Amino acid sequence: MRKVRKGDIVKVIAGNDRGKRGEVMRVLPEKGRIIVKGVNIITKHQRPTARQREGGIIEREGTIHISNVLVICPSCDRPTRVGFEVLETGEKMRKCKQCGETFE
Ligand SMILES: [Zn+2]
């Protein structure tokens, strides 16, 4: 089970975008990296193609390392490290280390 999942809101704690919050758009588990909406924007110069005659500059999010973010807890809205807890039902949940609430 992963600590950070697609759709999570995370807070960036290192790098140029430190302090920003954003939604996780993609998780690249084999690299330990994620793409967060609006974070680590990189610009690419696009050559004109048959379809897009103009070319130009394209902005998109680059990946950042998972260790550079904290998940925002859906219960207490604070950035937290994530633990795990197995419920009586056998379901494994993530757990906020700030408030102790579990979440999927
Ligand atoms: Zn919490």
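Residues numbered from 1 in each chain as written. Predicted model: local features only at pLDDT ≥ 70, side-chain atom pairs only at ≥ 80, totals over all residues. Heavy atoms only, no water.

1. A word on the pattern of salt bridges
Then, in step 1: If you walk through the whole model with that rule in mind, you get 4 salt bridges.
Then, in step 2: Residue Arg 21 pairs with Asp 77 through a salt bridge whose shortest N-O separation is 3.4 Å. Taken as a pair, Arg 21 in strand E2 (residues 21-28) and Asp 77 in the loop between strand E7 (69-72) and strand E8 (79-80) lie far apart in primary sequence, 56 residues in all. (Salt bridge = Lys/Arg side-chain N within 4 Å of Asp/Glu carboxyl O. Helix = DSSP H or I, 4+ residues; strand = E, 2+ residues; numbered from the N terminus.)

2. Here's the deal with the domain arrangement of the protein chain
Then, in step 1: Domain boundaries assigned for the protein chain yield domain 1 (1-72) and domain 2 (75-104).
Then, in step 2: Distance from the C-alpha centre of domain 1 to the C-alpha centre of domain 2: 25 Å.
Then, in step 3: Every contact between the two is made by 12 residues of domain 1 and, on the other side, 12 residues of domain 2.
Then, in step 4: The contact between domain 1 and domain 2 buries some 1100 Å² in all, and 59% of this surface belongs to carbon and sulfur atoms.
Then, in step 5: At the junction of domain 1 and domain 2, the tally comes to 2 salt bridges.
Then, in step 6: A salt bridge links Asp 8 to Arg 94; its shortest N-O distance comes to 2.8 Å. (Domains from an automatic or database assignment. Contact = heavy atoms within 4.5 Å. Buried area = accessible area lost by both parts, 1.4 Å probe.)

3. Focus: the side chain of Asp 8
Then, in step 1: Residue placement: Asp 8 occurs in the segment before strand E1 (9-12).
Then, in step 2: Taking relative accessible area as the criterion, Asp 8 reaches 10% and is therefore assigned buried.
Then, in step 3: A distance of 2.8 Å separates a polar side-chain atom of Asp 8 from the backbone nitrogen of Arg 5. (Buried < 20%, exposed > 50% of the residue type's maximum accessible area, 1.4 Å probe, protein only. Polar contact = N/O pair within 3.5 Å; in protein donor to acceptor, adjacent residues only side chain to side chain.)

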